[in-house]
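One-letter residues, chain by chain:
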Amino acid sequence: MRPGVRSAILSLLVAAVGAAMIWAAFFWQPQPPAGPPHAAQPLASVPAGGDFVLRSAGGPVALKDMRGKVVMLYFGYTFCPDICPTSLAVVAQALSGLTADELRQVEAIFVSVDPERDTVEKLKDYAAYFHPKIVGVTGTAEELAALARGYGASYRKQEVGSQGGYVVDHSSFTYLIDRRGGLAASLPHGTAAPRIVEEIRRLLNETPAAPTAARG
Amino acid sequence: MRPTRIVAAAAFALLASLPVAAQTAADTISIVDAYVRAPAPNAPATGAFMVLKNSGATERRLVKAESPAARVAELHDHIDEGGVKKMRPVAAIAIAGKGEAVLKPGSLHIMLIDMKKPLTEGDSVPITLGFDDGSSKRIDAPVRKLQMQMPGMSGMQH
């Protein structure tokens with residue numbers, strides 16, 4: 001090959017690569033690695049809730065064992081320094097605002113969506129710190145995914161370059177389940193405790209008292 | 001004017017301007033209402049919150065935080081997307097000239113990760129705040145427990 005031809009080919013190559021790079025820089029828009037889990041859930045669909053069984057340090061926790069009671073449900077993780085403690089403190093405030101009689105008819109469950117780091121032993125003390133009534137539970141990735149889908153909750157593990165490890169993006173609703181086990185309300189983060197107490201009282205009054213005694 | 005006078009005048013001007021030029025971020029930024037939230041048992045991280053007030057005209061940036069109480073201290077923010085809370089580290093927190101930056105729950109905070117010993121109410125946590133001009137400021141933030149009682153109830157249960 002003559003040197004003239006070789007250099008011509010070379011410069012063509014350089015030009016082609018350059019053009020590709022310029023095109024990539026200006027026009028190439030890689031698809032985001034799938035939207036947030038929430039996007040898959042049309043807003044119009046009202047989450048159905050539903051029964052679940054998860055693990056706590058004290059054994060399995062099954063929603064169907066809580067028929068006749070109003071249940072507060074919250075999804076989070078212990079590495080969460082701010083949102084979860086704030087929500088759990090509000091749950092604790094609401095519980096403290098109930099009478100002893102009302103309190104007997106209410107349960108509160110903290111579901112960790114980070115079973116890799118949150119063991120049931122860790123969750124026990126963590127949840128009870130806020131209020132002795134709050135039970136910390138978790139499950140397998142599949143169980144948690146099914147539960148979150150049922151309640152319209154979402155969570156997603158994210159590497160964000162924190163030296164503390166990954167974070168979990170998560171929805172921050174407090175769910176209220178009525179005495180028949182149905183999802184009654186999804187209260188957004190920031191809902192004040194007196195408002196939650198109102199909702200709980202409404203649910204305690206609305207449904208005729210289920211046979212709690214019969215269930216032991 | 002003789003050259004020596006010019007030099008003297010220049011030196012004077014320089015000296016006079018020094019106190020202004022020497023104002024560092026640490027000089028113009030004051031910290032109020034700083035506190036660290038008492039972490040729940042087994043919680044590996046907690047937040048430090050405060051208001052940074054800037055008395056100077058220049059915008060300053062908080063670029064790092066350090067505390068002997070934790071292995072890591074990072075600047076974080078929360079993004080809310082339709083009720084989904086996304087916590088993200090941020091490189092800096094700007095404090096506008098004559099303005100303030102508010103670090104509060106649900107928003108900007110200093111995240112303390114891997115506490116060296118459990119923090120309880122009444123403890124005081126030293127935090128060194130580093131600014132973009134290289135100056136730094138040490139504060140002692142008291143540990144505060146979250147309010148677990150209904151606001152305004154004051155133990156009034158029937």
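Residues numbered from 1 in each chain as written. Chains lettered and ligands numbered in written order. Predicted model: local features only at pLDDT ≥ 70, side-chain atom pairs only at ≥ 80, totals over all residues. Heavy atoms only, no water.

A few points about the sheet that holds strand E5 (residues 134-137) of chain A
Residues and elements named next belong to chain A.
No. 1: Taken in spatial order, the five strands make up an open sheet running E5-E4-E3-E8-E9, and their pairing is mixed. Because the sheet does not close on itself, it has two edges, and the strands there are E5 and strand E9 (183-187). Direction aside, neighbouring strands of the sheet carry axes that sit 20° apart on average.
No. 2: Here four bridges tie strand E4 (residues 106-112) to E5, and the two strands are oriented parallel to one another. (Pairing = 2+ DSSP bridges. Helix = DSSP H or I, 4+ residues; strand = E, 2+ residues; numbered from the N terminus. Axes fitted to C-alpha atoms, helices over the stretch in contact; angles between N-to-C directions.)

Quick notes on unusual backbone geometry
Residues and elements named next belong to chain B.
No. 1: Positive phi, close to 50°, is recorded for Asp33, a residue that is not glycine.
No. 2: Judged by its relative accessible area of 57%, Asp33 falls in the exposed class.
No. 3: Although it is not a glycine, Asn42 adopts a positive phi angle of roughly 70°.
No. 4: For Asn42, the location among the structural elements is in the loop between strand E1 (29-37) and strand E2 (45-54).
No. 5: Looking at Asn42, the relative accessible area reads 37%, which means it is partly exposed. (Buried < 20%, exposed > 50% of the residue type's maximum accessible area, 1.4 Å probe, protein only.)

Side note on the interface of chain A and chain B
No. 1: Listed by partner, the interface residues are 39 residues for chain A and 42 residues for chain B.
No. 2: For the chain A and chain B pair, buried surface summed over both sides reaches about 3,200 Å², with 61% attributable to carbon and sulfur atoms.
No. 3: By the criterion of area lost to chain B, the three top residues of chain A are A:Pro81, A:Asp82 and A:Tyr129, representing 21% of everything that side buries.
No. 4: At the junction of chain A with chain B, the criterion picks out two salt bridges.
No. 5: Across the contact surface, chain A and chain B share 14 residue pairs in polar contact (both at pLDDT 80 or more).
No. 6: Contributing elements (two or more residues each) for the side of chain A that touches chain B: helix H2 (83-96), helix H4 (120-130), strand E7 (167-171) and helix H6 (193-206) of chain A.
No. 7: For the side of chain A that touches chain B, the element with the highest residue contribution is H2(A), accounting for seven residues.
No. 8: When grouped by side-chain class, the residues that make up the side of chain A that touches chain B number 17 nonpolar, 17 polar and five charged. (Contact = heavy atoms within 4.5 Å. Buried area = accessible area lost by both parts, 1.4 Å probe. Salt bridge = Lys/Arg side-chain N within 4 Å of Asp/Glu carboxyl O. Polar contact = N/O pair within 3.5 Å; in protein donor to acceptor, adjacent residues only side chain to side chain. Nonpolar A, V, L, I, M, F, W, Y, C, P; charged D, E, K, R; others polar.)

What about the packing of aromatic side chains?
Residues and elements named next belong to chain A.
No. 1: If you walk through the whole model with that rule in mind, you get ten aromatic pairs over all chains.
No. 2: Both rings, one in Phe52 and one in Tyr151, keep their centres 6.2 Å apart while their planes meet at 75°; by these two values the pair is edge-to-face. One end of the pair, Phe52, is in the loop between helix H1 (3-27) and strand E1 (53-56); the other, Tyr151, is in helix H5 (residues 141-151), and 99 residues separate them in sequence.
No. 3: Residue classification places Phe52 among the buried residues on the basis of a relative accessible area of 8%.
No. 4: Taking the centre distance of 5.8 Å and the plane angle of 65° together, the rings of Tyr151 and Tyr175 count as edge-to-face. Taken as a pair, Tyr151 in helix H5 and Tyr175 in strand E8 (residues 174-177) lie far apart in primary sequence, 24 residues in all. (Phe/Tyr/Trp six-rings, centres within 6.5 Å; stacked < 30°, edge-to-face > 60°.)

Thoughts on the confidence of the model for chain A
No. 1: When the pLDDT values of chain A are averaged, the result is 84; 76% of them are 70 or greater.
No. 2: Counting contacts from residues 28-44 of chain A, a segment whose pLDDT is below 50, to residues more than four positions away or on other chains yields 14 contacts. (pLDDT = per-residue confidence, 0-100.)

Things to note about the pattern of salt bridges
All names here are of chain A.
No. 1: Applying the stated rule across the entire model yields 20 salt bridges over all chains.
No. 2: Residue Glu102 pairs with Arg201 through a salt bridge whose shortest N-O separation is 2.6 Å. With Glu102 in helix H3 (residues 100-103) and Arg201 in helix H6, the pair connects residues that are 99 residues apart, well separated along the chain.
No. 3: Taking the relative accessible area as the measure of exposure, Glu102 reaches 14% and is therefore buried.

Describing the packing of H2(A) against H6(A)
Residue and element names in this part refer to chain A.
No. 1: Their axes nearest at 8 Å, the elements H2 and H6 cross at an angle of 55°. Our classification of the angle between H2 and H6 gives oblique. Here the hand of the crossing between H2 and H6 comes out right-handed. Counting all contacts with H2, which are made through Val90, Gln93 and Ala94, the residues of H6 involved are Ala193, Ile196 and Val197.
No. 2: Across the contact of H2 with H6, the residue classes break down as five nonpolar, one polar and no charged. (Parallel < 35°, antiparallel > 145°, perpendicular 65-115°, else oblique. Left-handed = near helix turned anticlockwise from the far one by under 90°.)

So, H6(A)
No. 1: The end-to-end C-alpha distance of H6(A) is 20 Å, a good match for the 20 Å that 14 residues give at a rise of 1.5 Å each.
No. 2: Contacts made by the buried residues of H6(A) are with strand E3 (70-76), H2, H3, E4, E8 and E9 of chain A. (Expected span 1.5 Å × (residues − 1).)

A few points about the pairing of strand E9 (residues 124-131) of chain B
Residue and element names in this part refer to chain B.
No. 1: Within E9, six of the eight residues are buried, which leaves the element mostly enclosed by the surrounding structure.
No. 2: Pairing between strand E3 (residues 60-66) and E9: four bridges, direction antiparallel. Bridging from a neighbouring strand, Leu62 pairs with Phe131 of E9.
No. 3: As paired strands, E9 and strand E10 (residues 136-144) are joined by seven bridges and run antiparallel to one another. Considered in E10, the bridge of Pro126 is made with Asp140.

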